[in-house]
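Understanding the architecture of this molecule
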Amino acid sequence: MQQEKVYRAELTACFGDPVDENPSGVIAEAGYDALGLNYRYLTIRVEKNGLEDAVKGARAMGFCGFNLTIPHKVAVIPLLDELTEAARLIGAVNTVVRRDGKLIGENTDGKGFLKSLRDNGIDPAGKTVTLLGAGGAARAISIELALAGARKINIINRSEERGAELAAAVLERTNAAASYIRWIPQVRIPEETDILVQCTNIGLFPDITGKPDVNYDTLRPEMVAADVVFNRPNTPFLQEAARRGLKTITGLGMLVNQAALNFKLWTGKDAPVEVMTEALAKEFGL
Ligand SMILES: NC(=O)c1ccc[n+]([C@@H]2O[C@H](COP(=O)([O-])OP(=O)(O)OC[C@H]3O[C@@H](n4cnc5c(N)ncnc54)[C@H](OP(=O)(O)O)[C@@H]3O)[C@@H](O)[C@H]2O)c1
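Residues numbered from 1 in each chain as written. Predicted model: local features only at pLDDT ≥ 70, side-chain atom pairs only at ≥ 80, totals over all residues. Heavy atoms only, no water.

1. What to know about the environment of Leu171
- Inspection of the secondary structure assignment puts Leu171 in helix α6 (residues 160–173).
- According to the relative accessible area criterion, Leu171 is partly exposed, its value standing at 48%.
- Separated by 19 residues in sequence, Leu171 and Lys152 place their C-alpha atoms 9.3 Å apart.
- With residues near it in sequence (within four places) discarded, Leu171 still touches Ala176, Ala177 and Ala178. (Helix = DSSP H or I, 4+ residues; strand = E, 2+ residues; numbered from the N terminus. Buried < 20%, exposed > 50% of the residue type's maximum accessible area, 1.4 Å probe, protein only. Contact = heavy atoms within 4.5 Å.)

Shown next, in the form of C-alpha cells:
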C-alpha cells in the first residue's frame, strides 16, 4: 500500500539580531539532509522588542525548537515554561525545545565547549581555568567547566561589574573556587592556569587582526589555549599561543558540538557530527 506523503516540515530556527552571518543553519540542515529528516532551520532576524511575538509565533506554529543569539539569550527566559538546571545556573538560554506543548530553555554553549575540550583529550576536572571575558559565552563555559569538576575559575574582564558578578555566580552556584581579575593593559595570565579560554569578540570577522591585550610572555607551553571565536577560527590569539608552544583549540568544535546537542534535543536522533563539521568547514573555505 502506498504511504501517505507528509508535506509539513518540522521547523527549527535561530532568532537574533544581527543574525545574517550566523552559520547555524548550514550545520543543522546538513545534519537533517544526511539523515533524510523533513526538518528545516530558518535564520530569522528578530529585533530586541520583537522577541515576545516571535516566541508566541513559534508556539502557535508548533516549532519543535529554536536557538537564541544576541540579544535574546537572557530576555527569552520569562517567555518560556521551564528551564533546565544548566540554563538556570548559567542564567541564559541558547536553545529551546518543545516537549508536550511546553517550551523548555536549555544552554548547550558550555556543554559544546566541554565536548570540544574532551575531543582534544582534555578533562577540566581538577584544573584551573582562566577566561578572558564575562559575556554569554564565558558564563556558559565557566559554569559548565565548574560543574565538570574544574578546581578554580579565574575571570579576566574589561568591565569590573560583569566580571565580578560572574566570579560570584560561579562561587555561589558550583563547588569551584573563583576570582575576578581586573583587565589592565598587558594583563598577566595567572601562573596556576591550565586552560586559558578567549571568550570575547576580539578576532571576530571582520576585525580578524584583533588580539586580546594580555602579556603573552606569561603563557606557558604546558597551558592549553582555546578560543570561542569561530569566524575566522585560527585567531591571532591562537596563533600567538601556538608560537609559544601551547596546544590550541579553535571555536569550530564548540559550535558544531552545541549544534549536535540541539539536533538530538529536536529530532531525538544522534547528530551526524562529521557531516555537520564538513559542511561548516566547506562554508568557511577551510
Ligand atoms: N564557538 C561557539 O559555538 C560560540 C558560541 C557562542 C558565542 N561564541 C562567540 O563568543 C564571542 C562572545 O560572545 P558572547 O555572546 O559572550 O558576547 P557578549 O555577551 O556580548 O560578551 C562579550 C564579552 O567580550 C568582552 N569584550 C568585547 N570587546 C572587548 C574588547 N575590545 N576588549 C576586552 N573585552 C572585550 C566584553 O567585555 P565587557 O563586559 O567589558 O563589555 C564581554 O565580556 C563572540 O565572538 C561569539 O561569536 C562562540
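On we go.
2. Some remarks on the sheet that holds strand β7 (residues 128–132)
- In space, the six strands of this open sheet follow the order β9-β8-β7-β10-β11-β12, with parallel pairing throughout. The sheet terminates laterally at β9 (177–182) and β12 (247–249), the two strands that pair on one side only. Averaged over all pairs of adjacent strands, the angle between their axes in this sheet comes to 20 degrees, without regard to strand direction.
- In the sheet, β7 pairs with strand β8 (residues 152–157) via five bridges, with the strands oriented parallel. (Pairing = 2+ DSSP bridges. Axes fitted to C-alpha atoms, helices over the stretch in contact; angles between N-to-C directions.)

3. A few points about the site of the ligand
- Near the ligand you find 22 residues, and of these Ala134, Ala137, Asn157, Ser159 and Val228 are the closest.
- Note that an oxygen atom of the ligand is positioned 2.8 Å from one of the backbone N or O atoms of Ala134.
- Taking 930 Å² as the accessible area of the ligand by itself, protein coverage stands at 81%.
- Across the shell around the ligand, the residue classes tally to 11 nonpolar, eight polar and three charged. (Near = heavy atom within 4 Å. Polar contact = N/O pair within 3.5 Å; in protein donor to acceptor, adjacent residues only side chain to side chain. Areas by Shrake-Rupley, 256 points an atom, 1.4 Å probe, with all protein chains shown as cover. Nonpolar A, V, L, I, M, F, W, Y, C, P; charged D, E, K, R; others polar.)

4. Points about the nonpolar core
- One finds Leu131, Ile141, Leu145, Ile153 and Val197 to be the most contacted residues of the largest nonpolar core, which totals 35 residues.
- For this core, the two domains that each supply at least three residues are domain 1 (10–107 + 254–283) and domain 2 (110–250).
- Setting aside chain neighbours within four positions, we find Val197 in contact with Phe113, Val129, Thr130, Leu131, Leu132, Ile141, Ala226 and Val228. (Core = buried A, V, L, I, M, F, W, Y, C linked by side-chain atoms within 4.5 Å. Domains from an automatic or database assignment.)

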